[in-house]
Amino acid sequence: MKFSELGLSQEILDAISAHGYEEATPIQEKTIPLTLAGKDVIGQAQTGTGKTAAFGLPILEHIDLNNPNIQAVIISPTRELAIQTADELSKLGHDKHVNVQVVFGGSDIRRQIQNLKSHPQILVGTPGRLLDHINRRTVKLDHVKTLVLDEADEMLNMGFLDDIEAIIAKTPAVRQTLLFSATMPAPIKRIGLQFMTDPETVKIEAKQLTTDLVDQYFVRVRENEKFDAMTRIIDVQAPSLGIVFARTKRRVEELARGLEARGYKAAGLHGDLTQQMRSRVLGQFKSHEINLLVATDVAARGLDVKDVSHVYNYDIPQDPESYVHRIGRTGRAGATGTSVTFVAPNEMDYLRAIEDLTKKRMTPLKPATLAEARLGKIKAATGEVSQLVKSVDVADMQTQVDELTQQYSAQELAAALLADVAGLDKQNAPVEISRERPLPRRRGGGNRGGYRGHRNGNGRRGGGGYRGRSNDRRDGNRGGYNGRGRQDRRDHRSNGGGGKRREFTVREK
Ligand code: ADP
Ligand code: MG
């Protein structure tokens, strides 16, 4: 549907076309008229479907430039998402001269205070830092007309709830509240409803992504053979841009280092990195300087990186909905993608739960042999060798070239060059990956497909958990909260039973 049919003004429509958007996405088409009419809206659609503009455009439309107060506040779970959202709104609001500012933890608060003095009409932020500013009175929300919880399932799920409640308490009781998310489990929705008045729910089914656009494979492999299995499959598939998902921060670190040791251009992304490091890693990934990004779920959440060709689930996600988020990193904007999930034999029930949710069977993939992997590496190196040949000048090294060509055949020289460019010597580099506590055995039987039951059943998420996590917060570092506490907790929890190191060796098949 055309944006012009949705009731937006010419000024905003011009900005939309300047931004290169031609047609509204389904979530935009369904929610924009409701939001423009002032309704509270719960908008659910898979990642990468334009939810930012879905809530952003009506907000921009409603901004009164003569009003110097913050009129809309958008709460985001991570710094990157907050920045990404603020960027998108700034661009779309550029013609209207809307001032958008962003605040997040782990960054100089004085500079943010300075920026806030410019009287933004829209403020985007992470919960901890927003609250910090509210308490310092550098942010006042008493003129807010619209409040958005982006990635609402995350925001209402984990340790953010206290902060969210405190922030909402500072906004006027009469306001518009919008919840946008890729998933909306019932218990989370129930919490969200408390902050809303008579909301309309718009849900765009996620069938296209998981069924049509991503080729989904799984490899059944023992935990101690996973790293070899993954690197060999990477060699065969030669991803142009791939994301490797790992369950914990320690895993992210170890996998990134292991991949580097084996000659891949890889880096890790997780909540413990400084903002500067995270930006650098993301920049390198977007510019293809590295082509494998290793990340935790939270670090990769909602990030909009184009052209991700492959997603590797080194650890199968415990929560089937995370799987949908993860593979949503590829197959974006109509492009096709490939995902490979590595599953330990005792984790097969988790695989089935994912299949129940996506309504699609994954294709079993045999682990590649070392020989197949070598061949993959060599094939990938061939192109690079051609580039190299074009880039060197024989005249620069005539004597040594003559020496080598007398001594060896062209074939031998080409083979040596290929082996070197392919990094075959690194293929067997020993890599040590610490053991993580295995996932608890999923209960089968009556609960098949009942992923919500599973969440509650394992005691990590769901009803009682919220309160438990609030306590975490109280004895935690309130003041020094940096917008990533939630991930820290999640990672530490999953780390609980780990610790024991084990040697990881490569066996020739
Ligand atoms: P989500 O929040 O649903 O994950 P985003 O808002 O991050 O999705 O949007 C994903 C990408 O799609 C962004 O690069 C955004 O600029 C782009 N996009 C959004 N709306 C449109 C549209 N109507 N047409 C084309 N591209 C769009
Ligand atoms: Mg989003």
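One structure accompanies this document, and this report is about it.

### Here we look at the site of ligand 1
Working step 1: Around ligand 1, the structure places 16 residues, and the nearest of them are Tyr21, Glu23, Gly48, Thr52 and Asp304.
Working step 2: Interatomic distance of 2.3 Å between a side-chain N/O atom of Tyr21 and an oxygen atom of ligand 1.
Working step 3: Interatomic distance of 2.6 Å between a side-chain N/O atom of Thr52 and an oxygen atom of ligand 1.
Working step 4: Against a free-state accessible area of 570 Å², the protein chains account for coverage of 82% of ligand 1.
Working step 5: Here the residues of the shell around ligand 1 are counted per class, giving two nonpolar, eight polar and six charged.

### Notes on the packing of aromatic side chains
Working step 1: Scanning the model with the defined rule gives one aromatic pair in all.
Working step 2: Above the plane of the ring of Tyr314 lies Lys226, whose end atom (NZ or CZ) is 4.7 Å from the centre.

### Considering the side chain of Thr85
Working step 1: By secondary structure assignment, the location of Thr85 is in helix α4 (residues 79-92).
Working step 2: When sequence neighbours within four positions are dropped, the list of residues in contact with Thr85 reads Thr52, Phe55, Ile74, Ser76, Val124 and Asp150.

### Digging into the pairing of strand β8 (residues 214-220)
Working step 1: Note: β8 against strand β13 (residues 337-343), seven bridges, orientation parallel. Within the sheet, the bridge partner assigned to Gln216 lies in β13 and is Ser339.
Working step 2: Bridging between β8 and strand β14 (residues 363-364) involves two bridges; their strand directions are parallel. By the bridge assignment, Tyr217 is partnered in β14 with Thr363.

### Thoughts on the sheet that holds strand β3 (residues 100-103)
Working step 1: Overall, parallel pairing links the seven strands, which are arranged β3-β4-β2-β5-β6-β1-β7 in an open sheet. If you trace the sheet from one side to the other, it starts and ends with β3 and β7 (200-203), each paired once. The sheet shows a mean angle of 15 degrees between the axes of neighbouring strands, taken without regard to direction.
Working step 2: Pairing of strand β5 (residues 146-150) with strand β6 (residues 176-181) involves five bridges; the strand directions are parallel.

### Topic: the pairing of strand β11 (residues 292-295)
On a regular strand, one side chain projects to one face of the sheet and the next to the other, so that they alternate.
Working step 1: Going residue by residue along β11, you find Leu292 and Val294 tucked away on one face and Leu293 and Ala295 tucked away on the opposite face as well.
Working step 2: Pairing of strand β9 (residues 242-245) with β11 involves four bridges; the strand directions are parallel. Among the inter-strand pairings, Val244 is bridged to a residue of β11, identified as Val294.
Working step 3: In the sheet, strand β10 (residues 266-269) pairs with β11 via four bridges, with the strands oriented parallel. If you follow Gly268 over to β11, its bridge partner there is Val294.

### Points about the pattern of salt bridges
Working step 1: Throughout the structure, instances matching the rule amount to 18 salt bridges.
Working step 2: Residue Glu223 is joined to Lys226 by a salt bridge in which the shortest nitrogen-to-oxygen separation is 3.4 Å.
Working step 3: Residue class for Glu223 comes out buried when judged on its relative accessible area of 17%.
Working step 4: Note that Arg326 and Asp297 form a salt bridge whose closest N and O atoms lie 2.6 Å from each other. Linking Arg326 in helix α15 (residues 320-327) with Asp297 in helix α14 (residues 297-300), this pair joins segments that are 29 residues apart in sequence. Pair check on accessibility: Arg326 and Asp297 agree, each one buried.

Definitions and cut-offs
- Residues numbered from 1 in each chain as written.
- Chains lettered and ligands numbered in written order.
- Predicted model: local features only at pLDDT ≥ 70, side-chain atom pairs only at ≥ 80, totals over all residues.
- Heavy atoms only, no water.
- Near = heavy atom within 4 Å.
- Polar contact = N/O pair within 3.5 Å; in protein donor to acceptor, adjacent residues only side chain to side chain.
- Areas by Shrake-Rupley, 256 points an atom, 1.4 Å probe, with all protein chains shown as cover.
- Nonpolar A, V, L, I, M, F, W, Y, C, P; charged D, E, K, R; others polar.
- Phe/Tyr/Trp six-rings, centres within 6.5 Å; stacked < 30°, edge-to-face > 60°.
- Lys NZ or Arg CZ within 6 Å of the ring centre and 35° of its normal.
- Helix = DSSP H or I, 4+ residues; strand = E, 2+ residues; numbered from the N terminus.
- Contact = heavy atoms within 4.5 Å.
- Pairing = 2+ DSSP bridges.
- Axes fitted to C-alpha atoms, helices over the stretch in contact; angles between N-to-C directions.
- Buried < 20%, exposed > 50% of the residue type's maximum accessible area, 1.4 Å probe, protein only.
- Salt bridge = Lys/Arg side-chain N within 4 Å of Asp/Glu carboxyl O.

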